[in-house]
Amino acid sequence: MYDLGGVFAGRDINPGTNLVVAGPPMTGKRRLTFDMLAHGNRSGDGSILVTTKSAGKQVLSEYESRLDEPDSPIGVVDCVSKQQGMAPQRTDGIEFASSPVDMTGIGIKLSEYLQRFYDSGVRSNRIAFDSLSTLLMYSNLQTVFRFLHVFTGRVQSAEALGLFVIDSSAHDAQTMSTLRQLFDGEIEVREDGDDGSEIRLKGVGPTTEWRRV
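All values reported here derive from a predicted model rather than from experimental measurement.

What counts and how
Starting afresh in each chain, residues are numbered from 1 along the sequence in its written order. Local features in this predicted model are restricted to residues whose pLDDT is 70 or higher, and side-chain atom pairs enter the listing and the counts only when it is 80 or higher, whereas totals over whole chains, interfaces and linings include all residues. Each side-chain value is worked out from all heavy atoms of the structure, with water and hydrogens disregarded. Any two strands with at least two DSSP-identified bridges between them are counted as paired. Segments assigned H or I by DSSP are reported as helices when at least four residues long, segments assigned E as strands when at least two residues long, and all are numbered from the N terminus. Any two residues whose heavy atoms approach within 4.5 Å at even a single point are treated as in contact. All axes are obtained by fitting lines to C-alpha atoms, using only the stretch in contact for helices, and the reported angles, taken between N-to-C directions, cover 0 to 180 degrees. With a 1.4 Å probe rolled over the protein chains alone, any residue whose accessible area is under 20% of its type maximum counts as buried; one over 50% counts as exposed, and the rest are partly exposed. By definition, the arc is the one covered by directions from the helix axis to the C-beta atoms. We call two N or O atoms a polar contact when they sit within 3.5 Å, provided that within protein one can donate a hydrogen and the other can accept it, with sequence-adjacent residues counted only if both atoms are side-chain atoms. For salt bridges, the criterion is a side-chain nitrogen of Lys or Arg within 4 Å of an Asp or Glu carboxyl oxygen.

(A) Seen up close, the sheet that holds strand β11 (residues 211-212). Spatial strand order, β6-β5-β4-β7-β8-β3-β9-β10-β11: 9 strands in an open sheet with mixed pairing. Two strands in the sheet have a free side with no partner beyond their single neighbour: β6 (94-96) and β11. Sheet analysis places strand β3 (residues 17-23) next to strand β8 (residues 161-167), joined by 7 bridges and oriented parallel. Paired with Gly23 across the strands is Asp167, a residue of β8. Of the strands in this sheet, β4 (46-51), β5 (74-78) and β6 are in contact with helix α2 (residues 56-64), which crosses β5 at around 150°. Together, β4, β5, β6 and β7 (125-130) form the strand contacts of helix α3 (residues 103-119), whose direction differs from that of β4 by roughly 170°.

(B) The environment of Ser81, seen in detail. The residue Ser81 is located in the loop between β5 and β6 in this model. Sequence-wise, Ser81 and Gln58 are 23 residues apart; in three dimensions their C-alpha atoms are separated by 11 Å. Setting aside anything within four residues of it in sequence, one finds Ser81 in contact with Ala55, Gly56, Met86 and Phe96.

(C) Spotlight on helix α6 (residues 173-180). Of the positions making up α6, those classed as buried are Thr175, Met176, Thr178 and Leu179. The arc enclosing the buried residues of α6, seen along the axis, measures out at 160°, which places them on a common side. Exposed positions of α6 whose direction lies more than 90 degrees from the buried face are Ala173 and Gln174. Residues of α6 that are buried in the fold lie against β3, α4 (132-138), α5 (141-157) and β8. Of the residues flanking the start of α6, the one acting as N-cap is Asp172, its side-chain oxygen 3.2 Å from the backbone nitrogen of Gln174.

(D) Here's a closer look at the pattern of salt bridges. Inspection of the entire model under this criterion finds 12 salt bridges. Here Arg66 makes a salt bridge to Asp35, at a shortest N to O gap of 2.8 Å. In this pair, Arg66 sits in the loop between α2 and β5 while Asp35 sits in helix α1 (residues 29-41), placing the two residues 31 residues apart along the sequence. You can call Arg66 buried: its relative accessible area is 19%. The salt bridge involving Glu198 is made with Arg190; its shortest N-O contact spans 2.8 Å. The structure contains a network of salt bridges with shared partners spanning Glu95, Lys109, Glu112 and Arg116.

See the structure below:
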């Protein structure tokens, strides 16, 4: 079981669960997602981060800043550096896909990390994807849906926990409704009107009350 920590501490999530983290910009979706990964890393879960928005080195540094010292392996799939023409900086814990539309490459890197972690004795992993909105900028909904169907299936078969960030305000209701079919539940994020955010968990067990973060 996976404990999300933070305001959801004690709420166990079944292995193989995929959750979409949805909300408008500037509500801390990425921070919350990274915090949920870090909570697991402290208890022995592997961490895999797929980034379609920021370079892998930046993401790895930001994530590791949440940990006094990583207790479990960390892997980043960087889908940004090659696309932007930056020479990939080879760093332990970072692998590269050619771009956010290199969905085959992204899937291969995920599988390689899962196998590598398994071989090192890690059986529980948390996977963050930041962000689905970037995929939808470069590819049509049908292509993204097919990719995510395979990706979430890989999370399920690996008995991992998948967390997928999306800017809900950037997409129409039909797009959001279509994508939600792929996920077991949703962490909904909204502004609370006081320079903060509120979140709730729905779709996996009872829906929680809105909680300020």
